[in-house]
Amino acid sequence: MDPLVLARVQFALTAGSHFLFVALTLGLATLVALMQTRATLSGSAVHARMTRFWGQLYVVNYAVGIVTGLVMEFQFGLNWAGMSRMTGGVFGAPLALETIGAFFVEATFLGLWIFGWDRLNRWVHLALIWVVTLTAYLSAYFVLVANGWLQRPVGYEMRDGAARLTDAGALLGNPTAVLAFGHVLFGGLLTAGFFMAGVSGYHLLRRTAEVEFFRRSMRIGLVTVIASVMPVVIVGGMQYQYLQPTKTGGGDAAGAVARFTARFGPDDYMPPGMAGAAEAVMEGIWSLMLLLALVALVKVWWGRWLVRGRVFHVVMICAVPLPYVAMLAGWVFREVGRQPWMVYGVLKTRDALSPGVGSGTITVSFVVFTALFAVLVAVNAWLLARFARRGPDGAALGAAPPVAPSAPAVSATF
């Protein structure tokens, strides 16, 4: 198979799989931080238990997601050395800041939060989860700054065949990055909202003894869905004004093709049809989630209905994958629609491929990475389902360590 096709499919699988973890991590971290804030301010025992239960699911998802992120970044050097050499002076800067934010700050404070339960002052412990949450969003922002530059390169100039950063403000304030960040922020909250509602629906469907716990959790999940579904649509629509002409089609696309042909020579400068299909899937699922949000509004308004309605509980369980599918479809539309460019109007994807990399080498790495990510996604789903089924009494996060049995007294006489 063509090495370029293999390299592209490999990165699509690894990046898409990694984003499955990122979306839930961003949203669930925010909700856990809000729960702990409520518990700290009011002393609410149920919110403290909710923090431990949902926080444990957040930690599981975060831990497995870190591994997928590490594997994904290796591919820039393995398969896309051409891009690194030509655009690393610009593209690499926000990724370096993301690494500092994610692996030095976020991970450090998360470790303190996990192991500092009942050992640190409650206000210090609360501050830790907020630092984790804010650095998670900062990390996502820097990744989207790098991606936004691929979509709409600004603040640079070419020197000796390589891109050099000339305007950091233009890079950091690139509308394709800022709007995408808002889209991902609300998309993460929407994912976490459906996740909380689905898990709560599962326990309420089983007529669990923890009715009050999961009634409150269901309410938080549904309120999050209601609050975030429209901002996701609005911010997503705002990005259309910055889409590439070849992605939107029409007369602007014909003009862009003519300019590219005059500058770079004849080529197929229109994106594949997959981009349009992904856009249709994305819009269809967002419409379905908007309908579910309206139903959720009714449920929240009449709070007693949150516990009743077995059909509604089943629907919310089945709705958990919807935001994942919608966001992956949107990501395919964003990335595939940029083709045949790695950096739009600057560097073609085939020129970004590492030189001398044959189909055999990429095939081996493709099989290894695909198998690894399949295992990680399956393990994460299994762990989340396992800990979610246990309920709040099975949460080990923040639980007091077991007390070792005392040794029998030794008689002084024999």
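Just so it is clear, the model here is predicted, and its values are computed rather than measured. (Residues numbered from 1 in each chain as written. Predicted model: local features only at pLDDT ≥ 70, side-chain atom pairs only at ≥ 80, totals over all residues. Heavy atoms only, no water.)

S.K.: I would appreciate a short explanation of the overall build of the protein in the present structure.
M.R.: Within the protein one finds 14 helices and four strands. In terms of overall dimensions, the protein has C-alpha extents of about 95 × 60 × 40 Å along its principal axes. Here the protein holds 414 residues, and the buried ones make up 51% of them. A sequence separation of at least 24 residues applies to 83% of the contacts in the protein between residues at least 6 apart. Here the protein displays about 18900 Å² of accessible surface, and carbon together with sulfur accounts for 70% of that area. (Helix = DSSP H or I, 4+ residues; strand = E, 2+ residues; numbered from the N terminus. Buried < 20%, exposed > 50% of the residue type's maximum accessible area, 1.4 Å probe, protein only. Contact = heavy atoms within 4.5 Å. Areas by Shrake-Rupley, 256 points an atom, 1.4 Å probe, with all protein chains shown as cover.)

S.K.: Would you explain the pairing of strand β1 (residues 156-159) in this entry?
M.R.: For a regular strand, side-chain orientation follows a simple rule: the groups alternate between the two sheet faces. As judged from the four bridges shared by β1 and strand β2 (residues 162-165), these two strands associate in the antiparallel manner. When the bridges of β2 are listed, Arg-159 appears paired with Ala-162. Between β1 and the antiparallel strand that follows it, β2, lie two residues; Asp-160 among them carries a positive phi value of about 55 degrees. (Pairing = 2+ DSSP bridges.)

S.K.: Whenever I open this one, unusual backbone geometry confuses me. Can you help?
M.R.: Residues apart from glycine generally show negative phi values, whereas peptide bonds are mostly found in trans. Following Gln-339, the chain continues to Pro-340 via a peptide bond in cis, the omega torsion being 10 degrees. Along the chain, Pro-340 turns up in the loop between α12 (322-336) and β3 (341-343).

S.K.: Can you help me understand the nonpolar core in this one?
M.R.: The nonpolar side chains of a soluble globular protein tend to be buried with one another. Counting 61 residues, the largest nonpolar core has Leu-28, Trp-54, Leu-57, Trp-113 and Phe-195 as its most contacted members. Looking at this core, the element that brings in the most residues is helix α2 (residues 45-78), giving nine residues. For Leu-28, the contacting residues outside a window of four places in its chain are Trp-54, Leu-57, Tyr-58, Ala-192, Phe-195 and Met-196. (Core = buried A, V, L, I, M, F, W, Y, C linked by side-chain atoms within 4.5 Å.)

S.K.: Honestly, helix α14 (residues 359-390) in this entry has me stumped. Any pointers?
M.R.: Residues three or four positions apart in an α-helix share a direction because the helix packs 3.6 residues into each turn. For α14, spanning 32 residues, the distance from its first C-alpha to its last is 46 Å, which sits close to the expected 46 Å at 1.5 Å a residue. All buried positions along α14 are accounted for by Ile-362, Ser-365, Phe-369, Phe-373, Leu-376, Asn-380, Leu-383, Leu-384, Phe-387 and Ala-388. (Expected span 1.5 Å × (residues − 1).)

S.K.: Can you walk me through a positive patch on the surface in this structure?
M.R.: Judged by side-chain charge, Arg-206, Arg-386, Arg-389 and Arg-390 come together as a positively charged surface patch. Mapped onto the elements of the fold, Arg-206 is located in the loop between α6 (175-205) and α7 (211-238). (Patch = residues over 30% accessible without salt bridge, like charges linked within 9 Å, V, L, I, M, F, W, Y side chains within 5 Å. Salt bridge = Lys/Arg side-chain N within 4 Å of Asp/Glu carboxyl O. Lys, Arg positive; Asp, Glu negative; His and termini not counted. Charge placed at Lys NZ, Arg CZ, Asp CG, Glu CD.)

S.K.: Would you take a moment to explain the confidence of the model for the protein for this structure?
M.R.: As a note on interpretation, predicted positions should not be read in detail where pLDDT is low. When pLDDT is averaged across the protein, the result is 86; 93% of the residues are at 70 or more. Scored below 50 in pLDDT, residues 409-414 shows zero contacts in the model against residues more than four places distant or in partner chains. (pLDDT = per-residue confidence, 0-100.)

S.K.: Before we go on, may I ask you to explain the pattern of salt bridges in this structure?
M.R.: A pair can form between side chains of opposite charge whenever their charged atoms are brought close. One pass over the full model with this rule turns up 10 salt bridges. Residue Glu-335 pairs with Arg-334 through a salt bridge whose shortest N-O separation is 3.8 Å. A salt bridge links Arg-338 to Glu-335, with the nearest nitrogen and oxygen atoms 2.5 Å apart. In this structure Arg-338 comes out as buried when scored by relative accessible area, which is 4%. What you see here is one network of salt bridges that share partners, running through Arg-49, Glu-210 and Asp-393.

S.K.: In this structure, what is going on with the packing of aromatic side chains? I would like to understand it.
M.R.: The relative placement of two aromatic rings is captured by the distance of their centres and the angle of their planes. Scanning the entire structure with this criterion turns up 19 aromatic pairs. Seen in terms of ring centroids, Phe-53 and Phe-213 are 5.7 Å apart; in terms of plane orientation they differ by 80 degrees. Their pairing is edge-to-face. Separated by 160 residues along the polypeptide, Phe-53 in helix α2 and Phe-213 in helix α7 bring together distant segments of the chain. The buried category is assigned to Phe-53, whose relative accessible area is 1%. Judged by its relative accessible area of 2%, Phe-213 falls in the buried class. A cation over an aromatic ring shows up here: Lys-247 above the ring of Phe-333, its NZ or CZ 5.4 Å from the ring centre. (Phe/Tyr/Trp six-rings, centres within 6.5 Å; stacked < 30°, edge-to-face > 60°. Lys NZ or Arg CZ within 6 Å of the ring centre and 35° of its normal.)

S.K.: Where do I start with the environment of Ile-129 in this structure?
M.R.: Mapped onto the fold, Ile-129 is located in helix α4 (residues 122-151). Along the backbone, Ile-129 and Val-71 are 58 residues apart, and their C-alpha atoms lie at a distance of 26 Å. Setting aside residues up to four positions removed in sequence, Ile-129 forms contacts with Val-32, Ala-33, Gln-36 and Trp-113.

S.K.: Sorry if this is basic, but what is going on with the packing of α2 against α14 here?
M.R.: In a pair of packed helices, the angle between the axes and the distance between the axes together describe the arrangement. Contact pair α2 / α14: the axes reach a minimum separation of 9 Å and the direction vectors enclose 175 degrees. One element, α2, and the other, α14, form an angle in the roughly antiparallel class. Contacts from Phe-53, Gln-56, Leu-57, Val-60, Asn-61, Val-64, Val-67, Thr-68, Val-71, Met-72, Gln-75 and Leu-78 of α2 reach α14 at Phe-369, Leu-372, Phe-373, Leu-376, Asn-380, Leu-383, Leu-384, Phe-387 and Ala-388. A class-by-class count of the residues in the contact of α2 with α14 yields 16 nonpolar, five polar and no charged. (Axes fitted to C-alpha atoms, helices over the stretch in contact; angles between N-to-C directions. Parallel < 35°, antiparallel > 145°, perpendicular 65-115°, else oblique. Nonpolar A, V, L, I, M, F, W, Y, C, P; charged D, E, K, R; others polar.)

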